[in-house]
Amino acid sequence: MQDRMRRQDRKQQLLAIALELFATKGFENTKISDIVAKAEVSQGTFYWHFESKEAICLEMLEAGRVQILNAIQIGYRTTKVDVQDSVVSSMNIFEHIFQFAEENPFLMQIILKGIHSQPTLQAKVDEIKTDMEAAFAKNIRRAKELHMTNERINPEMQAVFVMSLLEGVLSRWLFKTSSSSQVLQHHSLQQIIEETVKFEFFGIFGV
């Protein structure tokens, strides 16, 4: 039992180190020797847990995919509620996603920026985004079925808009890479989430 727990702890350590290096140095510039050196283990230990550098990246991306989709699932409705309750539900979704991003900035950097030089890994990143969009569409479709939205809306199109809004705000908030990011730095995380959700529901004119 203790040996299994130690192996699991070592695996998680390797995942965390690899994730940080992939995000900060780039996947191509990170070698397995860099990962094991920082973990202070042998390459044999790495290969005990993972077949390759690509394999460790795919595993971390899949773990992130599951957690993000679980957050979006929170918003799935079984009964009809009013607009205010819908706003609160959407707030909960965004809170979970933003908190996950805050706790996992290196993973979010990889998901948001992609790994375009590696087709297999980029395909996984694209799958995550596609699944997120589909999950949002499912929630919106359910709200439409419960007559909580305008009958003319297109859930798939609305999901594209929500996903684009989420990606844009997350990128600016996490990476502080543009002048617009400075606006976000003057607000708390809760304020950013509230303003994002209000825009999602009511747009610029609040109607």
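(A) A look at the overall build of the protein. When its secondary structure is counted, the protein shows 10 helices and zero strands. Tracing the protein from N to C terminus, the helices and strands come up as α-α-α-α-α-α-α-α-α-α. Each principal axis of the C-alpha atoms in the protein carries an extent, and together these give about 60 × 40 × 35 Å. Of all intrachain contacts in the protein linking residues separated by at least 6 positions in sequence, the fraction that spans at least 24 positions is 68%. Of the roughly 11800 Å² of accessible surface on the protein, a fraction of 53% belongs to carbon and sulfur atoms. Computing the positive centroid from 23 side-chain charges and the negative centroid from 26, the protein places the two 2 Å apart.

(B) Quick look at empty space enclosed by the protein. Considering all chains together, one arrives at one cavity of 30 Å³ or more under this definition. Of the volumes computed, that of the largest cavity is approximately 50 Å³. Around the largest cavity, the lining residues are Met108, Ile111, Leu112, Lys129, Met132, Met163, Leu166, Glu167 and Leu170. Those elements giving two or more residues to the lining of the largest cavity turn out to be α6 (105-113), α7 (119-145) and α8 (155-175). Looking at the lining of the largest cavity, the element that brings in the most residues is α8, giving four residues. Grouping the amino acids of the lining of the largest cavity by side-chain chemistry returns seven nonpolar, no polar and two charged.

(C) Representation of the packing of aromatic side chains. Under the defined criterion, the tally for this structure stands at six aromatic pairs. Taken together, a centroid distance of 6.4 Å and an interplanar angle of 20 degrees make the contact between Phe94 and Phe98 stacked. Residue Phe94 and its partner Phe98 are located together in helix α5 (residues 83-103), separated by four residues, close to a single helical turn. Classification of Phe98 as buried rests on a relative accessible area of 0%. Each residue in the set Phe46, Tyr47 and Phe50 is aromatic and connected to the rest through ring pairs, giving one cluster. Directly above the ring of Phe27 sits Lys53, whose terminal nitrogen or CZ lies 4.3 Å from the centroid. The side chain of Lys113 reaches across the aromatic face of Phe175, ending 4.7 Å from its centre.

(D) Spotlight on the packing of α5 against α6. At a minimum axis distance of 5 Å, the contact between α5 and α6 shows a crossing angle of 110 degrees. Relative to α6, the element α5 lies roughly perpendicular. Note on element contacts: α6 touches α5 through Pro105, Leu107 and Met108, opposite Phe100, Ala101, Glu102 and Glu103. Partitioning the contact of α5 with α6 into residue classes produces five nonpolar, no polar and two charged.

(E) Layout of unusual backbone geometry. In this model, Glu40 sits at a positive phi of 60 degrees, which is unusual for a non-glycine residue. As for its position among the elements, Glu40 is in the loop between α2 (32-39) and α3 (43-49). Classification of Glu40 as exposed rests on a relative accessible area of 73%. Phi at His147 takes a positive value of approximately 60 degrees, unusual for a residue other than glycine. Among the secondary structure elements, His147 is positioned in the loop between α7 and α8. In this structure His147 comes out as exposed when scored by relative accessible area, which is 53%.

(F) A look at the confidence of the model for the protein. Residue-level pLDDT values for the protein average 89, and 93% of them are 70 or greater. Across the protein, the secondary-structure element scoring lowest on mean pLDDT is helix α9 (residues 181-185), at 77, and the one scoring highest is α2, at 96.

(G) Structural view of α7. With 27 residues, α7 extends 38 Å from end C-alpha to end C-alpha; this agrees with the ideal 39 Å at 1.5 Å per step. With its phi angle positive at about 60 degrees, His147 sits one or two positions after the end of α7.

Rules used in this analysis
Counting restarts for each chain: residues are numbered from 1 in the order of the written sequence. For this predicted model, a pLDDT threshold of at least 70 governs which residues receive local features, and a threshold of 80 or more governs which side-chain atom pairs are given and counted, while totals over whole chains, interfaces and linings are taken from all residues. Each side-chain value is worked out from all heavy atoms of the structure, with water and hydrogens disregarded. In this description a helix means any DSSP run of H or I spanning at least four residues, a strand means any run of E spanning at least two, and both kinds are numbered starting from the N terminus. Whether two residues are in contact is decided by their heavy atoms, any of which lying within 4.5 Å being enough. The accessible surface values rely on the Shrake-Rupley method and a 1.4 Å probe; as for residues, cover is taken only from the protein chains in view. Neither His nor the chain ends is counted toward charge; the positive residues are Lys and Arg and the negative residues Asp and Glu. We put the charge of a Lys on NZ, of an Arg on CZ, of an Asp on CG and of a Glu on CD. Site definitions follow a grid-based scheme: protein atoms alone, a 1 Å grid, a 1.4 Å probe that fits but cannot get out for cavities, and for pockets an open set with protein on both sides within 12 Å along at least five of seven lines, plus lining residues having an atom within 4 Å of a point. Grid points are joined across faces, edges and corners, and a volume is the space filled by probe spheres set on the points. Think of it as three bins: nonpolar holds Ala, Val, Leu, Ile, Met, Phe, Trp, Tyr, Cys and Pro, charged holds Asp, Glu, Lys and Arg, and polar takes everything else, Gly as well. Geometry of aromatic contacts follows a simple scheme: Phe, Tyr and Trp rings, the Trp one being its six-membered ring, pair when their centres are within 6.5 Å, and the pair is stacked under 30 degrees between planes, edge-to-face over 60, tilted otherwise. When a residue's accessible area, from a 1.4 Å probe over protein chains only, is under 20% of the maximum for its type it is buried; when over 50% it is exposed; and in between it is partly exposed. Two conditions define a charge located above a ring, namely a distance within 6 Å from the ring centre to NZ of Lys or CZ of Arg, and an angle within 35 degrees of the ring normal. Note on geometry: axes are lines fitted to C-alpha atoms, helical ones only across the stretch in contact, with angles between N-to-C directions running from 0 to 180 degrees. Relative orientations are named as follows: roughly parallel for angles under 35 degrees, roughly antiparallel for angles over 145 degrees, roughly perpendicular for angles from 65 to 115 degrees, and oblique for any other angle. A score between 0 and 100, pLDDT records how confident the predictor is in each residue. An expected span of 1.5 Å times one less than the residue number is assigned to each helix.

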